[in-house]
Amino acid sequence: MNRYFNMKTNILVFLIFFTTINFSLAASVGGDPPRDPFVVVLDAGHGGKDPGNSWNGYSEKDISLNIALQVGAELEKIPDVKVIYTRKSDVFVTLAGRANIANKAEADLFVSIHMNGHRSQAQGTETFVLGLHRNQDNLEVAMRENQVIFLEEDYEMTYDGFNPNSPESYIGLTLMQEEYLDQSILLADLIQKNFTNINKRVNRGVKQAGFLVLRETYMPSVLVEAGFLSNKAEGAFLNSAAGQSAISASIVRAVKDYKNSINHDILDNLEANPPVQLTQETEEMPLDVYDGITFRVQLAASGKKLDPSSRNFKGLKQVSRNKEGKLFKYYYGATSSFSQIQDFHEMAKRTGYPDSYIVAFRGNEKISVNEALKTKTK
Ligand SMILES: [Zn+2]
């Protein structure tokens, strides 16, 4: 009896001991003492077979890499900061691969660095957090950056059937980063403020759009578009050593300020500063909007009446059908912006409609594109 009692006690003591260990393990894993070091993942956009934007001989993959390496070299000087790069040379890394590097490292921040491009002479910097785009421009930036998955094998599996060209794909991917949204916006805002106040760049604001690389990360994450390579002056600035070090310095400073505000009294900070407003998108209308004109991309004309669903048009959505005379015409996209319809046209050609072309309507009347372009712009 006694012996039995002792054994029972021993088991009980053992159980209590064991449970306590488990508890303290759980506490140290689940608790929130500040982690040491502060891990920053720097993601130079594109690389290898994916050059990214290329304008006037300026290459996005090279400039992004230069800036990422410079940012990293500065941040590495801070004793409690650890820097991890998704690439340090001109190699191809998949979007999921980039996010995996950050997730494995349990990084505190993910900063993806890119250069913009546009047919217009648009200029300025913008920093994105993951979210649903509020206008076509933002969607197009994300679409462009997401195109790269077509260079990956098994991209359909890797990204759960995500189609970079389908606006519908973008709805639903935005929840993934919600937990980190406030912190991501905080960093994005710091970066934009530095670009504007220190570097005197045109401020296009803090924005939201569906970037796959941001969807895959489990930490505060931003995607910086540091300027337009397509703009003559800005492209030259970004391609210069002085420009690259100016942009790098602003990102470094923003990461430092972010780290300090997280470590210290972030609550005080949040009370002192009103929450960051996302950029009002109404002022972002493209400059080439033609009054009363609708541009479309003609994909096909046929005597056959087809359902304009994506199934019948190689996955393209936003396809419409119009009966004109004896023929049914099938159009992709509808916009008053000529640069937007050019982007739709590019997409149509890439998707398998090499002979598609742009058409223009005034109301229901089909007019020539030349005539449309003579209309006054808004
Ligand atoms: Zn890019």
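A. The arrangement of the overall build of the protein in detail. Within the protein one finds 12 helices and 13 strands. For the protein, with 378 residues in total, the buried portion stands at 49%. Within the protein, counting contacts between residues at least 6 apart in sequence, those at least 24 apart form 77% of the total. For the protein, the computed accessible surface area is about 19,100 Å², with 55% contributed by carbon and sulfur atoms.

B. Broad picture of the sheet that holds strand S5 (residues 109–116). Reading across the sheet, the six strands line up as S4-S1-S5-S8-S6-S7 and stay open at both edges, with mixed pairing between neighbours. Two strands close off the open sheet at either side, each with one partner strand: strand S4 (81–85) and strand S7 (203–209). Here the average twist between neighbouring strands, direction ignored, is 20°. Where helix H2 (residues 60–75) meets the sheet, it contacts strand S1 (38–44), S4 and S5, and its direction lies at approximately 145° from that of S5.

C. View of the coordination of the zinc ion. Surrounding the zinc ion are the protein donor atoms His46 (NE2), Glu60 (OE), His114 (ND1), Glu145 (OE) and Glu145 (OE), which sit 2.0 to 2.4 Å from the metal. Here the donor residues of the zinc ion share one chain and are spaced in sequence as H-x13-E-x53-H-x30-E. One end of the pair, histidine 114, is in strand S5; the other, glutamate 145, is in helix H4 (residues 136–146), with 31 residues separating them in the sequence. Residue classification places glutamate 145 among the buried residues on the basis of a relative accessible area of 7%.

D. Spatial organisation of the packing of H4 against helix H11 (residues 338–351). At a minimum axis separation of 11 Å, H4 and H11 run at an interaxial angle of 30°. Classed by the angle they form, the pair H4 and H11 counts as roughly parallel. The hand of the H4/H11 crossing is left-handed. Within the contact between the two elements, H4 uses Gln136, Asp137, Glu140, Met143 and Arg144 and H11 uses Gln340, Asp343, Phe344 and Met347. Here the contact of H4 with H11 is built from residues that sort into three nonpolar, two polar and four charged.

E. How the structure looks around the nonpolar core. In terms of nonpolar packing, the biggest core is built from 48 residues, with Tyr159, Phe211, Phe295, Leu299 and Tyr332 touching the most fellow members. Three or more residues apiece are contributed to this core by two domains, here domain 2 (38–261) and domain 3 (270–373).

F. Expanded view of the pattern of salt bridges. In this structure the tally under the stated criterion is 14 salt bridges. For aspartate 80, the salt bridge goes to lysine 259, with nearest N and O atoms at 3.0 Å. Remark: lysine 259 occurs in helix H9 (residues 241–263) and aspartate 80 occurs in the loop between H2 and S4; sequence separation between them is 179 residues. Lysine 207 is the partner of glutamate 126 in a salt bridge, and the nearest nitrogen-oxygen pair spans 2.8 Å. Of the two residues, glutamate 126 sits in strand S6 (residues 125–130) while lysine 207 sits in strand S7, which places them 81 residues apart along the sequence. Lysine 207 carries the same exposure label as glutamate 126, and that label is buried. Bridged by salt links that share partners, the residues Glu126, Arg204 and Lys207 form one connected network.

G. Here's a closer look at the packing of aromatic side chains. Summed over the entire model, instances satisfying the criterion amount to nine aromatic pairs. Both rings, one in phenylalanine 150 and one in tyrosine 155, keep their centres 5.2 Å apart while their planes meet at 90°; by these two values the pair is edge-to-face. Relative accessible area serves as the criterion here: at 34%, phenylalanine 150 is assigned to the partly exposed category. Tyrosine 155 sits in the buried class, given a relative accessible area of 19%. Every member of this aromatic cluster is reached through a ring pair, and the members are Tyr290, Phe295 and Phe338.

H. Highlighting the pairing of S7. With six of seven residues buried, S7 lies mostly within the body of the structure. Note that S6 and S7 share six bridges and pair parallel. The residue bridging threonine 127 from the neighbouring strand is valine 206, located in S7.

I. Representation of H11. Its 14 residues give H11 an end-to-end C-alpha distance of 20 Å, which sits within 8% of 20 Å, the value for a rise of 1.5 Å per residue. Within H11, 10 of the 14 residues are buried, which leaves the element mostly enclosed by the surrounding structure. Looking at the buried residues of H11, the elements they touch are H4, strand S9 (293–302), strand S11 (327–335), strand S12 (357–362) and helix H12 (369–373). Capping of H11 at its N-terminal end is provided by serine 337; its side-chain oxygen lies 3.1 Å from the backbone amide nitrogen of glutamine 340. Directly beyond the C-terminal end of H11, a positive phi value near 120° is found at glycine 352.

J. Structural context of the environment of lysine 259. Owing to a relative accessible area of 9%, lysine 259 belongs among the buried residues under this scheme. Distance in space between the C-alpha atoms of lysine 259 and valine 81 is 9.4 Å, their sequence separation being 178 residues. Not counting residues within four places of it along the chain, the set of residues in contact with lysine 259 comprises Phe38, Asp80 and Val81.

K. Here's a closer look at the confidence of the model for the protein. Confidence along the protein averages 83 in pLDDT terms, with 83% of residues attaining 70 or more. Confidence, read as mean pLDDT per element, is least for helix H1 (residues 2–30) in the protein (44) and greatest for H2 (98). Contacts of residues 1–31 to residues separated by more than four positions or lying in other chains number one contact, the stretch itself having pLDDT below 50. Residue range residues 281–286 is modelled with pLDDT below 50. Its contacts to residues more than four positions away, or to other chains, number 12 contacts.

Conventions used here
- Residues numbered from 1 in each chain as written.
- Predicted model: local features only at pLDDT ≥ 70, side-chain atom pairs only at ≥ 80, totals over all residues.
- Heavy atoms only, no water.
- Helix = DSSP H or I, 4+ residues; strand = E, 2+ residues; numbered from the N terminus.
- Buried < 20%, exposed > 50% of the residue type's maximum accessible area, 1.4 Å probe, protein only.
- Contact = heavy atoms within 4.5 Å.
- Areas by Shrake-Rupley, 256 points an atom, 1.4 Å probe, with all protein chains shown as cover.
- Pairing = 2+ DSSP bridges.
- Axes fitted to C-alpha atoms, helices over the stretch in contact; angles between N-to-C directions.
- Donors = N, O, S within 2.8 Å, 3.2 Å for Na, K, Ca; no water.
- Parallel < 35°, antiparallel > 145°, perpendicular 65-115°, else oblique.
- Left-handed = near helix turned anticlockwise from the far one by under 90°.
- Nonpolar A, V, L, I, M, F, W, Y, C, P; charged D, E, K, R; others polar.
- Core = buried A, V, L, I, M, F, W, Y, C linked by side-chain atoms within 4.5 Å.
- Domains from an automatic or database assignment.
- Salt bridge = Lys/Arg side-chain N within 4 Å of Asp/Glu carboxyl O.
- Phe/Tyr/Trp six-rings, centres within 6.5 Å; stacked < 30°, edge-to-face > 60°.
- Expected span 1.5 Å × (residues − 1).
- Polar contact = N/O pair within 3.5 Å; in protein donor to acceptor, adjacent residues only side chain to side chain.
- pLDDT = per-residue confidence, 0-100.

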